[in-house]
Amino acid sequence: MSDVIGLVLPFFGMIFVGFLVARITRQPLEALGWMNIFIVYVALPALFFQLLAKTPFEQLTEWSFILGSLIATYGIFTLMFAWSVFVSRGGIAPATITALAAAYGNIGYMGPGLALLAFGEQAAVPVALIFCFENIVHFTVAPMMMALSGKEKAPPLQLALGVVKKIALHPFIIATALGVAAAYVEFRPPLPVDRFLDYLARAAAPCALFAMGVTLALRPLNRVPHELALIAGLKLIVHPLLCYVVLSWIGNFSPTWVFSAMLLAALPTATNVFVIAQQYDVWVQRASASVLITTCLSVVTVTALLYAIRHGILAADLFP
């Protein structure tokens, strides 16, 4: 158990340090702006490019793995959406945010750092593939569902162009595409450039986790959703288990790929869910509470998952 605690303590410790510093200094949330820009536009893209560019190209086209991950994520989304629509009697907009809270994990800020720490550089490819393709679907589903609900007022063509632009210009996805292209042509940057990218990549995880802690500290917890128990259960427990079953059923993947996908599925609600809720002015305070509370609960659930993985309680393939 001590090895697992030693693994997760620095990780969640950085979130706690950010939380504590924000509580002590009382700076406004806007003061975090430039750090977020550094993380999103510089550090994490450098990390994704570095890891993907060094990966054999054939490993980057595992479409069955991508499909399995998406089936698990949107299986959870569909369950939560259907339940929320049933309870609210047809409220598509709040049901969409509720479903995203149960299915959209913090795979950007938390995923790469924790997966690489737990499983080494072999986790880079599955993490990047999951991040890239799940975000493409998330960026598409959110505005589409809001358009169906009447919350999105843009004309259909403008809406479609906005979605394409958001996907094509996202720094993570650009970095992933460049990394895949570099792997395909077997390009290696000159040594000074490689060292510079490595320097930036090493800053990604600590800065992202610190920023996440600050964000959690400064976000008000005024309204806890009555669906929170269901959201937390689906996000932190059912999602990784469903991912495990689906990937074991679909293909014969390496243990690192399966366990990396499970770990990303087990991560708490993404802060992007709160951003989407703010954008459409739907379920805002409850989305904030979902992010905060699932993050706190994930200290226990993620630790338990890593313990089960590292001590052989979970087999690499459920259907050998």
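Residues numbered from 1 in each chain as written. Predicted model: local features only at pLDDT ≥ 70, side-chain atom pairs only at ≥ 80, totals over all residues. Heavy atoms only, no water.

K.L.:
Mind showing me how you'd approach the packing of aromatic side chains here?
P.N.:
Two measures describe an aromatic ring pair: the distance that separates the ring centres and the angle between the ring planes. Under the criterion given, the structure shown has nine aromatic pairs. Ring centres 5.5 Å apart and planes at 25° place the aromatic pair Phe-48 and Phe-131 in the stacked group. Placement of Phe-48 in helix 2 (residues 33-53) and of Phe-131 in helix 6 (residues 124-149) is noted, with a sequence separation of 83 residues between them. Taken together, a centroid distance of 5.2 Å and an interplanar angle of 40° make the contact between Tyr-74 and Phe-77 tilted. Remark: Phe-77 and Tyr-74 occur in helix 3 (residues 63-88); sequence separation between them is three residues, near one turn of the helix. Pairwise contacts between aromatic rings join Phe-65, Phe-253 and Trp-257 into one cluster. (Phe/Tyr/Trp six-rings, centres within 6.5 Å; stacked < 30°, edge-to-face > 60°. Helix = DSSP H or I, 4+ residues; strand = E, 2+ residues; numbered from the N terminus.)

K.L.:
Quick question: what am I supposed to make of the pattern of salt bridges here?
P.N.:
Pairing is possible between side chains that carry opposite charge, provided their charged atoms lie close to one another. Counted under the stated rule, the structure contains one salt bridge. Taking the shortest distance from any N to any O, the salt bridge between Asp-198 and Arg-202 comes out at 2.9 Å. Of this pair, Asp-198 and Arg-202 both sit in helix 9 (residues 191-218), four residues apart, which is roughly one turn of the helix. Relative accessible area serves as the criterion here: at 63%, Arg-202 is assigned to the exposed category. (Salt bridge = Lys/Arg side-chain N within 4 Å of Asp/Glu carboxyl O. Buried < 20%, exposed > 50% of the residue type's maximum accessible area, 1.4 Å probe, protein only.)

K.L.:
Can you walk me through the nonpolar core in this structure?
P.N.:
The nonpolar side chains of soluble globular proteins are, as a tendency, buried together. Membership of the largest hydrophobic core comes to 73 residues, with the highest contact counts inside it found for Tyr-109, Met-110, Phe-119, Leu-263, Leu-306 and Leu-314. With 11 residues, the top contributor of residues to this core is helix 9. Discounting residues that sit within four places of it in the chain, Leu-306 has contacts with Val-4, Leu-7, Val-8, Leu-114, Ala-118, Phe-119 and Leu-263. (Core = buried A, V, L, I, M, F, W, Y, C linked by side-chain atoms within 4.5 Å. Contact = heavy atoms within 4.5 Å.)

K.L.:
I keep staring at helix 7 (residues 156-168) and nothing clicks. Help me out?
P.N.:
Here helix 7 is 13 residues long and its end C-alpha atoms lie 18 Å apart, about the 18 Å a rise of 1.5 Å per residue gives. In this structure, the buried residues of helix 7 make contact with helix 6 and helix 8 (171-185). (Expected span 1.5 Å × (residues − 1).)

K.L.:
Honestly, helix 6 in this entry has me stumped. Any pointers?
P.N.:
Side chains three or four residues apart in an α-helix point the same way, a direct result of the helix having 3.6 residues per turn. Between its first and last C-alpha, helix 6 extends 37 Å over 26 residues, near the 38 Å set by a 1.5 Å rise per residue. With its phi angle positive at about 95°, Gly-150 sits one or two positions after the end of helix 6.

K.L.:
Would you mind showing me how to read the side chain of Thr-269 here?
P.N.:
Along the polypeptide, Thr-269 turns up in the loop between helix 11 (255-265) and helix 12 (271-280). Engagement of the side chain of Thr-269 in a polar contact is seen with the backbone oxygen of Ala-101, the distance being 2.6 Å. (Polar contact = N/O pair within 3.5 Å; in protein donor to acceptor, adjacent residues only side chain to side chain.)

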